[in-house]
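Each chain, letter by letter, is given below.
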Amino acid sequence: MAIDVRVISESEFPDWLRAVNTGFLRAPTVSEKDLEDRRTYLDPSRMRGAFDDGRCVATYRTFPQELTAVGGARLPANAVTGVTVSATHRRRGLLSRMINEDLAEAKERGDVVSTLIAAEYPIYGRYGFGPAAWITEWSVDVPRTGLDPRRSGQPDDGGRVDLVDGAEVRKLGPELHDRLCSVRHGLISRNERWWQVLTGTATSHGGPWVEPFHAVYRDASGEVQGLLTYRADEVWGDAKQPLNTATVVDAIAVTPAAERALWRYVCSIDWISTVRTGYRAPDDLLPFFLPDPRAARIVTQADFLWVRILDTVRALESRTYAASGTLVLDIHDRSSLASGRYRLDATPSGTTCAPTTESPDLTLDVRELGALYLGDESAVRLSALGTVTEEKPGAASRTDALFRTSRRPWCPDIF
Ligand SMILES: CC(=O)SCCNC(=O)CCNC(=O)[C@H](O)C(C)(C)COP(=O)(O)OP(=O)(O)OC[C@H]1O[C@@H](n2cnc3c(N)ncnc32)[C@H](O)[C@@H]1OP(=O)(O)O
């Protein structure tokens, strides 16, 4: 019997959720409480499933998101998550059927890009996604930082650090994150539920809830400029030394002073000998807030946010560029959603992008356009790797002069 791929109905939701658990190797059962909770925020009209003889064997879900482009514009994005194919049905084209239908529908709806966090690197390039923002996690060896253990946990710049509760975080967090999105690109929107999960008023489905600590930094005028949430374990060494680790769950700040104060605060808590930073941008300032930056050791460095351009003109016109210039890009896309030859005219007062018949400067797949889009990847590097083609000498350097950004994009949020 042919396998049916379709948007699920409300009554198929329990079976769909069982299939998600199966695909992610979690216990293949679904409790009434789990169902009831997930029904409050999941939208079946954005869930696809593959059904074999009535049983769900593959899952795929999307939700509306905003991606912060270079320069601060918020782009409507089709965020992809919950992708699974049961091991009994893998490599029979089920993911391809679900994703191809969905990306066409997202473009039709007016989404400019599609986004995801890839479980494994080789899965999504074939569908036009490119790795657009990378993350780095550091482990800080606190005794080696050079920070004087006699100093207080307070900054010396007139500002102050205070501990606040979850209710306060739900009040001040969204506005702070919104301000961060206007100064940093690559960030994705956080909805109300995101803040509820951070503060324990909504279930995260990731194990038993442990209340974290929330530290805010207020500048000398009393304005909140940063927020850092962490949990700590309790480990004592044989000689009765405290060897606890503080694990940072979230840290956002809109000024370098706030970043400096919060990182120095978390590295000055008595009993804490290690700080795990959580996912930061690879060019995060953190190591250089410490007298000895080598106390911060990289423990994770990986691709994180993958971007798939759906609407080339809107995507390229929505971001800002580092210089003025003109570029003709010949974009290949086997799904034909973003393909064509486009002329980009970037100026400080605005950018236009339009179809053209002029000869191209650069030929590339939409996957590489996704990787270049947030300014992180280099066209010169991709040309050396043979994944973009310079049709005119110097075209890759000219692309980099326009596209690359002085700070790297950052997306700390898993979805
Ligand atoms: C955004 C997220 O949710 S990320 C989470 C993704 N899910 C997982 O990793 C859970 C475990 N894995 C799975 O459920 C499945 O293996 C999936 C979803 C990754 C792939 O589903 P499938 O239905 O097997 O993929 P499908 O048959 O459509 O494969 C299409 C192509 O991708 C290739 N492919 C699929 N998965 C992988 C992989 N993990 N590694 C390398 N290649 C892969 C296939 O070989 C095939 O190649 P071809 O076109 O050259 O023949």
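Residues numbered from 1 in each chain as written. Predicted model: local features only at pLDDT ≥ 70, side-chain atom pairs only at ≥ 80, totals over all residues.

By the naming in an unreviewed UniProt entry, the protein goes by UPF0256 protein and is assigned to Streptomyces camponoticapitis. According to the UniProt record, the Sequence similarities (unreviewed entry) comment for the protein reads "Belongs to the acetyltransferase Eis family." (UniProt positions renumbered as here; feature names shortened; annotations may be inferred.)

The next thing to look at is the UniProt feature "binding site: acetyl-CoA" (unreviewed entry) in the protein. According to UniProt, the feature "binding site: acetyl-CoA" (unreviewed entry) maps to Val83, Thr84, Val85, Arg91, Arg92, Gly93, Leu94, Leu95 and Ser96 in the numbering used here. Within the secondary structure, Thr84 sits in strand S4 (residues 74-85). The buried category is assigned to Thr84, around which 25 C-beta atoms lie within 10 Å. Tracing the backbone shows Arg91 in the loop between S4 and helix H3 (94-109). (Helix = DSSP H or I, 4+ residues; strand = E, 2+ residues; numbered from the N terminus. Buried ≥ 20, exposed ≤ 12 C-beta atoms within 10 Å, placed from the backbone.)

To continue, consider the nonpolar core. Val113, Val307 and Ile309 are the most contacted members of the largest nonpolar core, which has 75 residues in total. Ignoring sequence-local partners within four residues, the contact set of Ile309 consists of Val113, Ala315, Ala338, Val366, Leu369, Gly370 and Tyr373. Within the second largest apolar cluster, 32 residues are counted, among which are Val169, Trp195, Tyr265 and Cys267. (Core = buried A, V, L, I, M, F, W, Y, C linked by C-beta atoms within 7 Å. Contact = placed C-beta atoms within 7 Å.)

With respect to spatial proximity, 22 residues lie near the ligand, and among them Val83, Arg90, Leu95, Ser96 and Ala119 are the closest. Residue contributions to the shell around the ligand peak at six residues, all from S4. (Near = placed C-beta within 6 Å.)

In terms of burial, helix H6 (residues 256-266) is a largely internal element, eight of the 11 residues being buried. Buried within H6 we find Ala258, Glu259, Arg260, Ala261, Leu262, Trp263, Tyr265 and Val266. Each element contacted by the buried residues of H6 is listed here: strand S7 (160-164), strand S8 (213-218), strand S9 (224-232), strand S10 (244-253) and strand S11 (272-276).

To continue, consider the environment of Ala281. Take Ala281: it is sitting in the loop between S11 and strand S12 (296-309). For the pair Ala281 and Asp333, spaced 52 residues apart in sequence, the C-alpha to C-alpha distance is 29 Å.

A separate point is unusual backbone geometry. If you check the backbone angles, Asp53 has positive phi at about 55° while not being a glycine. Turning to its location among the elements, Asp53 is positioned in the loop between strand S2 (47-52) and strand S3 (55-68). With a phi close to 60°, Ser336 is a non-glycine residue in the positive phi region. Among the structural elements, Ser336 can be located in the loop between strand S13 (325-332) and strand S14 (340-347).

On domain assignment, one finds that the protein holds domain 1 (4-128), domain 2 (136-301) and domain 3 (312-403). The C-alpha-based centres of domain 1 and domain 2 are spaced at 32 Å. Facing 11 residues of domain 1, the contacting portion of domain 2 comprises nine residues. For the side of domain 1 that touches domain 2, the element with the highest residue contribution is S3, accounting for four residues. By residue class, the composition of the side of domain 1 that touches domain 2 is four nonpolar, four polar and three charged. (Domains from an automatic or database assignment. Nonpolar A, V, L, I, M, F, W, Y, C, P; charged D, E, K, R; others polar.)

So, about the sheet that holds S10. The strand order across the open sheet built from 12 strands is S1-S2-S3-S4-S5-S12-S6-S11-S10-S9-S8-S7, with neighbouring strands paired in mixed fashion. Lying at the two open borders of the sheet, with one neighbouring strand each, are strand S1 (4-7) and S7. Sheet twist, expressed as the mean angle between neighbouring strand axes with direction ignored, is 25°. Pairing geometry for S10 and S11, over four bridges, is parallel. Counted as the bridge partner of Thr245 is Thr274 from S11. Packed onto the sheet, H6 meets S7, S8, S9, S10 and S11 and runs at close to 25° relative to S9. (Pairing = 2+ DSSP bridges. Axes fitted to C-alpha atoms, helices over the stretch in contact; angles between N-to-C directions.)

A few words now on the packing of helix H4 (residues 166-181) against helix H5 (residues 192-199). Their axes nearest at 9 Å, the elements H4 and H5 cross at an angle of 150°. When the axis of H4 is compared with that of H5, the two are roughly antiparallel. With respect to the hand of their crossing, H4 and H5 are arranged in right-handed fashion. Residue-level contacts link Gly166, Val169, Arg170, Gly173 and Pro174 of H4 to Trp195, Leu198 and Thr199 of H5. In the contact of H4 with H5, the residues fall into four nonpolar, three polar and one charged. (Parallel < 35°, antiparallel > 145°, perpendicular 65-115°, else oblique. Left-handed = near helix turned anticlockwise from the far one by under 90°.)

Glancing now at the pairing of S3. When you tally the buried positions in S3, you get 10 out of 14 residues, the bulk of the element. The pairing of S2 with S3 spans six bridges and is antiparallel. Across the sheet, Arg48 pairs through a bridge with Tyr60, a residue of S3. Where S2 folds back onto S3 in an antiparallel hairpin, the turn is made up of two residues, including Asp53, whose phi is positive at roughly 55°. Note: S3 against S4, 10 bridges, orientation antiparallel. Within the sheet, the bridge partner assigned to Pro64 lies in S4 and is Asn78.

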